[in-house]
Amino acid sequence: MSLSNLDAPHVAENFLAHRFYAPVPILTQEEATEVVNAFQQFELDSLAHLGKVHRFKAHLLSPDLARIATHPRVLAVATAILGPDVLLWSSDFFVKPGGSTGYVSWHQDSTHAGLDPTDDIVNLWLALTPSKSASGCLRVIAGTHDAGQLTHTNKEDADNMLFFGQTVDVESDSVALPLEAGEASLHSMRIVHGSEPNRSDGPRIGMVLRFIHPSVRQTKARDSATLVAGVDAFNHFDHEPIPTSHFASDAIAAFKDAIRRPSGLG
Ligand SMILES: O=C(O)CCC(=O)C(=O)O
Ligand SMILES: [Fe+2]
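Residues numbered from 1 in each chain as written. Chains lettered and ligands numbered in written order. Predicted model: local features only at pLDDT ≥ 70, side-chain atom pairs only at ≥ 80, totals over all residues.

A.B. asks: How should the sheet that holds strand 3 (residues 104-107) be read in this particular structure?
C.D. replies: Judged by pairing direction, the sheet is antiparallel, and its four strands sit side by side in the order 3-11-6-9 without closing on themselves. The open sheet has two edge strands with one neighbour each: strand 3 and strand 9 (175-176). Pairing geometry for strand 3 and strand 11 (residues 193-195), over two bridges, is antiparallel. Across the sheet, residue His107 finds its bridge partner in strand 11, namely His193. (Pairing = 2+ DSSP bridges. Helix = DSSP H or I, 4+ residues; strand = E, 2+ residues; numbered from the N terminus.)

Following this line, the structure appears as structure tokens:
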């Protein structure tokens, strides 16, 4: 499959107006399948080397996943929105096997991230498999980015895929953001979003890349991030190394350091 053109200025203009946007063509379907394979290899090696399957900051251990986090199309979108200087604050995976009961409650990403201000941040949700209404694609509630920080309750529910189970009560209609494998959606830190269980037969796998301008501050503790474009003139974050080989011992040390920070949720 050939890839459609990417008009990054158009994407940025629409994202900045509405604080969400989809679809953004990033990878071919074949390339997306290769990323699924790289992610599955990461999971196996994470278990073997670290005793646990990690979901955060996989780009610090797998050069194949780091290549996606720094893919020219990904960076074209991130720099069109944030300007030439960009840090990757986090990467994480949301995996819903076919027919699984996991869902994501309505929430704002700003609730637990500790990042301030919230405007100079963009989350890029890259579909590695098709993500449609039936498979529990991401949904947003348009306009909620203007409401400031809403009160969330941390609700314990084994099926809720969020780390803290944070939930906001909202009653408005939501907009589905269906994607083909290789396409991405964008959402801001304040827009309320969530997703339903995967009622289809196939897996729904998303890789989320969270980009910030270096002027953003972490209010919780000293944090780390990966410089992926331009320069960092602010020194608000320690810089993480981009790996050159798979699960190298220095990369494992850097990963262990990164995931105990606020951005690692480890
Ligand atoms: O994958 C999902 O359904 C939710 C993802 C999400 O909440 C996020 O990327 O911030
Ligand atoms: Fe989220």
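A.B. asks: How should I be thinking about the site of ligand 1 in this particular structure?
C.D. replies: Around ligand 1, the structure places Phe94, Val104, Asp109, Asn123, Trp125, Leu138, His193, Ser195, Gly206 and Val208. Looking at the shell around ligand 1, the elements with two or more residues in it are strand 5 (121-127), strand 11 and strand 12 (204-212). A per-class count over the shell around ligand 1 returns five nonpolar, four polar and one charged. (Near = placed C-beta within 6 Å. Nonpolar A, V, L, I, M, F, W, Y, C, P; charged D, E, K, R; others polar.)

A.B. asks: Mind showing me how you'd approach the pairing of strand 12 here?
C.D. replies: The side chains of a regular strand alternate between the sheet's two faces. Here strand 12 lies mainly inside the structure; nine of its nine residues are buried. What you see with strand 12 is no split at all: Arg204, Gly206, Val208, Arg210 and Ile212 on one side and Ile205, Met207, Leu209 and Phe211 on the other are buried throughout. In this sheet, strand 12 lies alongside strand 2 (residues 86-96) in antiparallel orientation, the contact comprising nine bridges. Bridged to Phe93 within strand 12 is Met207. The pairing of strand 5 with strand 12 spans seven bridges and is antiparallel. Within strand 12, the position partnered with Leu124 by the bridge is Leu209. (Buried ≥ 20, exposed ≤ 12 C-beta atoms within 10 Å, placed from the backbone.)

A.B. asks: Where do I start with the pairing of strand 14 (residues 223-229) in this structure?
C.D. replies: The element strand 14 is extensively covered by neighbouring structure, given that five of its seven residues are classed as buried. As judged from the three bridges shared by strand 2 and strand 14, these two strands associate in the antiparallel manner. Within strand 14, the position partnered with Leu88 by the bridge is Thr226. When strand 14 meets strand 15 (residues 237-239), the two strands line up parallel, connected through three bridges. For Asp223, the partnering residue across the bridge sits in strand 15 and is Phe237.

A.B. asks: Sorry if this is basic, but what is going on with helix 1 (residues 8-18) here?
C.D. replies: Residues three or four positions apart in an α-helix share a direction because the helix packs 3.6 residues into each turn. For helix 1, the set of buried residues is Val11, Ala12 and Phe15. Projected down its long axis, helix 1 shows its buried positions confined to an angular sector of 95°, all on one face. Opposite the buried face of helix 1, at more than 90 degrees from it, the exposed residues are Pro9, His10 and Ala17. Buried residues in helix 1 make contact with strand 1 (20-25), helix 4 (72-82), strand 5 and strand 10 (183-187). Of the residues trailing helix 1, Arg19 is marked for its positive phi of about 65°. (Arc of directions from axis to C-beta. Contact = placed C-beta atoms within 7 Å.)

A.B. asks: Sorry if this is basic, but what is going on with the environment of Leu88 here?
C.D. replies: By the element assignment, Leu88 lies in strand 2. A tally of 27 C-beta atoms within 10 Å means that Leu88 is categorised as buried. Each C-alpha atom of the pair Leu88 and Val192 lies 21 Å from the other, and the pair is 104 residues apart in sequence. In this view, Leu88 contacts Ala69, Leu209, Phe211, Ala225, Thr226 and Val228; residues no more than four positions away in its chain are not counted.

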